[in-house]
Amino acid sequence: MAGQFNSALIPKRALKYFEANRNVLIIEDDKIMGQMVAEILDDIGFEVSAASNGPAAFEKIKQQPVDFIILDILLPEMDGFEIYTELQTRAETKDIRS
């Protein structure tokens, strides 16, 4: 649903950064928390996708580009530290901000 950023919600000096980093992946197993964060980011103008665990997150990353990740720590299957470590070791994901 996001198209252009709502510039009223972003400081003018930061707008260029936001536009260059449009695609956000939220890795969060709490559905309500994930939905709240996704709605806020969507309202600002980000393209948001979500995953509830590490394997699902890596599958999403294969399917679409990701500019940065919001990562929960306490997750099933792989915790946030394990996911972060894995992101840093893969050539295709090591430059994604998280």
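Residues numbered from 1 in each chain as written. Predicted model: local features only at pLDDT ≥ 70, side-chain atom pairs only at ≥ 80, totals over all residues. Heavy atoms only, no water.

Participant: Lay out unusual backbone geometry with the relevant residues and their values.
Facilitator: Most peptide bonds take the trans configuration, and most residues that are not glycine carry a negative phi. For glutamate 77, which is not glycine, the phi dihedral falls at a positive 70°. Looking at the secondary structure, you find glutamate 77 in the loop between strand E3 (68–71) and helix H4 (80–89). Judged by relative accessible area, which is 64%, glutamate 77 ranks as exposed. (Helix = DSSP H or I, 4+ residues; strand = E, 2+ residues; numbered from the N terminus. Buried < 20%, exposed > 50% of the residue type's maximum accessible area, 1.4 Å probe, protein only.)

Participant: Before we move on, could you go through the sheet that holds strand E2 (residues 47–51) and cite the residues and values that matter?
Facilitator: The strand order across the open sheet built from three strands is E2-E1-E3, with neighbouring strands paired in parallel fashion. A single partner strand is all that each edge strand has here, and the edge strands are E2 and E3. Across the sheet, the mean angle from the axis of one strand to that of its neighbour is 20°, orientation sign disregarded. Looking at chain direction, strand E1 (residues 23–27) and E3 are connected through four bridges and run parallel. Within E3, the residue paired with isoleucine 26 across the bridge is isoleucine 70. (Pairing = 2+ DSSP bridges. Axes fitted to C-alpha atoms, helices over the stretch in contact; angles between N-to-C directions.)

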